[in-house]
Amino acid sequence: MEKRLIIALFLSAFAVTSNAQDDFGVWSEVNVEKKLTSRFSVEGGAELRTRDNSKEIDRWSVGAEAGYKFTNWLKLSAGYVLLRDNNEKWNEDHDKLAEYWGTRHRFNTSLTGSVSFGDFDLSLRERWQYTYRPEVTVSRTNVNSGKVKDKTYNGKAKSVWRNRLVLKYKFNRTLRPYLSAESSVASGLEKMRYSVGTELRLNKHHSFDVKYLYQRYYDDDADEGNFHVLGVGYTYKF
């Protein structure tokens, strides 16, 4: 009964409406985790993302995080991520004005609660995220004259509240299939992410994560559109 239920849940995840013009990319990551005590742990990782049907690098990032478990079901964590983005600027006629690599500094703090019932695990993560983008000067082309001039984009900061709900199923000792939904809220709902995937726990040190993710934007001013993602990750624990 439980296996039929989890299969039905996973099939329902593919009912998310998509558009033929949605983009596709691959998100790959490598993580390392160390449990220092029974309650305190640290981790670090690197990620690479592609876009434009995976033909172009979208961004890369490196980060670190520390976590503390108050109880078996409640964890507090905080982290920092350095991001390098491949940015594009377009006008209303879809002419490319500039393309450049920019830097972002991202800080976050999270509180995660989890509960188990049978072979299912349900977790809710509440995360506050602060991102600062420093000022950058780039070469920008005037479409009408063809002249190239320097353009300075002012530095800016942004705070986002992210809410992620994950339902995971213990299929066997190796497979942990899951469903997740995550919202990003600033002044209003900006985007939703829906994921279906599975963890592959080879042993206590090595595990992989494979997933399909659909990202739906609700912010009309966002630089990105809706996105289909193939995610692949590897984690080493010691």
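Since this is a predicted model, take the numbers as computed values, not measurements. (Residues numbered from 1 in each chain as written. Predicted model: local features only at pLDDT ≥ 70, side-chain atom pairs only at ≥ 80, totals over all residues. Heavy atoms only, no water.)

### Quick notes on the overall build of the protein
How we decide: Strands are runs of DSSP state E lasting at least 2 residues, helices are runs of H or I lasting at least 4, and numbering of each runs from the N terminus. Summary of the burial criterion: residues with accessible area below 20% of their type's maximum are buried, those above 50% are exposed, and those between are partly exposed, where the area comes from a 1.4 Å probe applied to protein chains only. Should any heavy atoms of two residues lie within 4.5 Å, those residues are counted as being in contact. In this description, accessible areas are obtained by the Shrake-Rupley approach with a 1.4 Å probe, and a residue is regarded as covered only by the protein chains that are shown.
A tally of helices and strands in the protein yields one helix and 13 strands. For the protein, the α and β elements follow one another from N to C terminus as α-β-β-β-β-β-β-β-β-β-β-β-β-β. Evaluated residue by residue, the protein yields a buried proportion of 30% over its 238 residues. Long-range pairs, those at least 24 residues apart, make up 49% of the contacts in the protein between residues at least 6 apart in sequence. Accessible area for the protein stands at about 14500 Å²; split by element, carbon and sulfur atoms hold 55% of it.

### Section: the pattern of salt bridges
To keep it simple, the criterion reads: Any Lys or Arg side-chain nitrogen found within 4 Å of a carboxyl oxygen on Asp or Glu counts as a salt bridge.
Here the structure, examined in full by the defined rule, presents 14 salt bridges. One connected set of salt bridges, linked through shared partners, spans Arg51, Asp52, Glu56, Asp58 and Glu88.

### Focus: the pairing of strand β1 (residues 23-35)
Test applied: Two strands make a pair as long as DSSP finds a minimum of two bridges between them.
Pairing geometry for β1 and strand β13 (residues 227-237), over 11 bridges, is parallel. Each residue of the ladder has a partner; that of Trp27, found in β13, is Gly231. Two elements, β1 and strand β2 (residues 40-51), share nine bridges in a ladder whose sense is antiparallel. Bridge pairing links Glu29 to Glu47 in β2. Linking two consecutive strands that pair antiparallel, namely β1 and β2, is a turn of four residues.

### Some remarks on unusual backbone geometry
Phi is positive for Asp52, close to 55 degrees, though the residue is something other than glycine. Inspection of the secondary structure puts Asp52 in the loop between β2 and β3 (56-71). Asp52 gets classed as partly exposed once you look at its relative accessible area, which sits at 31%. Non-glycine residue Ser54 carries a positive phi angle of around 65 degrees. Overall, Ser54 belongs to the partly exposed group, its relative accessible area being 30%.

### Examining the side chain of Glu199
With respect to the secondary-structure elements, Glu199 resides in strand β11 (residues 189-201). Using a relative accessible area of 18% as the deciding quantity, one classes Glu199 as buried. Ignoring anything within four residues of it in the chain, the contact list for Glu199 reads Lys168, Thr174, Leu175, Arg176, Tyr178, Phe208 and Asp209.

### Some points on the sheet that holds β13
To be explicit about the condition: For every element, the axis is a line fit to its C-alpha atoms; helices are fit only across the contacting stretch, and the angle between N-to-C directions ranges from 0 to 180 degrees.
The strand order around the closed barrel formed by 11 strands is β1-β2-β3-β4-β5-β6-β9-β10-β11-β12-β13, and the pairing between neighbours is mixed. Here the strands of the sheet are splayed against their neighbours by 20 degrees on average, with no regard to which way each runs. Note: strand β9 (residues 156-169) against strand β10 (residues 175-185), eight bridges, orientation antiparallel. Within β10, the residue paired with Lys168 across the bridge is Tyr178.

### Some points on the environment of Lys55
Looking at the element boundaries, Lys55 is found in the loop between β2 and β3. Note on Lys55: relative accessible area 74%, which makes it exposed. When the C-alpha atoms of Lys55 and Phe24 are compared, they prove to be 9.3 Å apart, with 31 residues separating the residues in sequence.

### Here we look at the packing of aromatic side chains
What describes a pair of aromatic rings is the distance from one ring centre to the other and the angle between the planes of the rings. Stated precisely, the cut-off is as follows: Classification of ring pairs rests on two measures: the distance between centres of Phe, Tyr or Trp rings, Trp counted by its six-membered ring, which must be within 6.5 Å, and the angle between planes, read as stacked under 30 degrees, edge-to-face over 60 and tilted in between.
Overall, the coordinates contain 10 aromatic pairs when judged by the stated rule. On the numbers, 5.1 Å between centres and 45 degrees between planes, the contact of Tyr80 with Phe107 is tilted. Of the two residues, Tyr80 is situated in strand β4 (residues 74-90) and Phe107 in strand β5 (residues 96-117); the sequence distance between them amounts to 27 residues. Here Tyr80 falls in the partly exposed class, since its relative accessible area comes to 29%. Judged by relative accessible area, which is 39%, Phe107 ranks as partly exposed. Between Phe120 and Tyr169, the ring centres sit 4.9 Å apart and the planes meet at 45 degrees, which makes this aromatic pair tilted.

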